[in-house]
Amino acid sequence: MAELDNGKGRSASVARKTNETDIKLSFQVDGTGISEIQTDVPFLNHMLDLFTKHGHFDLNVDAKGDIEIDDHHTVEDIGICLGQTLREALGDKRGIKRYASVFVPMDEALAQVVIDISNRPHFEYRAQYPTANVGSFETQLVHEFLWKLALEARITLHVIVHYGHNTHHMIEAVFKALGRAIDEATTIDPRVQGVPSTKGVL
């Protein structure tokens, strides 16, 4: 259940156990950039740590999965859990800015993340990486993570990697931009009265 007025800010937690993964995840929107991440996918640990730090969130992830097959189920299900907690933590979305567009450079790479906290899940992804892997991590799993995050959080998410030639740098720029965009879009704007939509609901 979301915790909205407990002195800890907007937060939620979820436990998800399937035949493929066992995940416990808690997410605090109004955090301090602290992450405690334990998964069997080292590159994802690194990306989630960057996401948390740059979004000023607090994130705890304890995930075990069938990595003897591959990393797919673990990465996908963490995206599902993060999306679910983000959606729950925001509640009725009163007072939020709703939209954000963030560019982040990482050396030669440039990524852009554009978000609408819309309650309409949609994902657009424009990225071509020079390599199919970063270490043992398959770059195609970035798409799976982001798509499931957008679907479960019920947000409109556009991710564009404009250029780059180092795959690690390009993906790192995406996760930093994602954190900063979610931070901006979920910020409470005192000028916003109620829900930021002419429909009166999001």
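Our structure is the block above this text.
Each chain carries its own residue numbering, running from 1 in the direction its sequence is written. For a predicted model such as this one, the threshold for reporting local features is a pLDDT of at least 70, and the threshold for listing and counting side-chain atom pairs is 80 or more; totals across whole chains, interfaces and linings nevertheless cover every residue. Hydrogens are left out, water is left out, and the side-chain values use all remaining heavy atoms of the structure.

A.B. asks: Whenever I open this one, the side chain of Ser197 confuses me. Can you help?
C.D. replies: The residue Ser197 is located in the segment after helix 4 (167-186) in this model. Residue classification places Ser197 among the buried residues on the basis of a relative accessible area of 18%. Those residues in contact with Ser197 that sit more than four places away from it in its chain are Arg98 and Leu202. Only DSSP runs of H or I covering at least 4 residues are called helices, and only runs of E covering at least 2 are called strands; the numbering of each starts at the N terminus. Only protein chains enter the accessibility calculation, which uses a 1.4 Å probe; a residue whose area is less than 20% of its type maximum is buried, one above 50% is exposed, and one in between is partly exposed. Any two residues whose heavy atoms approach within 4.5 Å at even a single point are treated as in contact.

A.B. asks: How should I be thinking about the sheet that holds strand 6 (residues 109-116) in this particular structure?
C.D. replies: In any sheet, the strands associate via hydrogen bonds between backbone groups, in a parallel or an antiparallel arrangement. Here, strands pair whenever DSSP counts at least two bridges between them. An order of 5-6-10-7 is seen for the four strands of this open sheet, with the pairing classed as mixed. Both outer strands of the open sheet, strand 5 (99-106) and strand 7 (122-126), are each paired with one neighbouring strand and no more. On average, each strand axis in the sheet is tilted by 10° relative to the strand beside it, whichever way the strands run. The sheet contact formed by strand 5 and strand 6 spans eight bridges and is antiparallel. In the strand pairing of strand 6, Ser101 is matched with Val114. Contacting strand 7 and strand 10 (156-163), helix 3 (residues 140-153) crosses the sheet at an angle of about 155° to strand 7. Note on method: axes are straight lines fitted to C-alpha atoms, helices fitted across the in-contact stretch only, with angles between N-to-C directions ranging 0 to 180 degrees. Lying on the sheet, helix 4 is in contact with strand 5, strand 6 and strand 10; it crosses strand 5 at an angle near 150°.

A.B. asks: Teacher, can you tell me more about the sheet that holds strand 1 (residues 11-17) here?
C.D. replies: Reading across the sheet, the four strands line up as 1-2-4-3 and stay open at both edges, with mixed pairing between neighbours. At either margin of the open sheet sits one strand with a lone partner, and together these are strand 1 and strand 3 (34-38). Across the sheet, the mean angle separating the axes of adjacent strands is 5° when strand polarity is ignored. Sheet topology note: the strand 3/strand 4 (residues 58-65) ladder contains five bridges and is parallel. For Ser35, the partnering residue across the bridge sits in strand 4 and is Leu59. Along the sheet, helix 1 (residues 42-55) contacts strand 2 (21-28), strand 3 and strand 4; its crossing angle with strand 3, the most-contacted strand, is approximately 165°. The strands touched by helix 2 (residues 72-90) within the sheet are strand 1, strand 2 and strand 4, with strand 2 carrying the most contacts at an inclination of about 35°.

A.B. asks: Any chance you could explain the environment of Leu141 here in plain terms?
C.D. replies: Along the chain, the position of Leu141 falls in helix 3. Setting aside chain neighbours within four positions, we find Leu141 in contact with Asp71, His72 and Val75.

A.B. asks: Help me out: how do you make sense of the packing of aromatic side chains in this one?
C.D. replies: Where two aromatic rings form a pair, the distance of their centres and the angle of their planes describe that pair. Two rings from Phe, Tyr or Trp (for Trp, the six-membered ring) form a pair when their centres sit within 6.5 Å of each other. Planes less than 30 degrees apart are called stacked, planes more than 60 degrees apart edge-to-face, and all others tilted. Scanning all chains against the criterion turns up seven aromatic pairs. On the basis of an interplanar angle of 15° and a centroid distance of 6.5 Å, the ring pair of Phe123 and Trp147 is categorised as stacked. You can see Phe123 sitting in strand 7 and its partner Trp147 sitting in helix 3, a full 24 residues away along the chain. Its relative accessible area of 11% is what places Phe123 among the buried residues. A relative accessible area of 27% places Trp147 in the partly exposed class.

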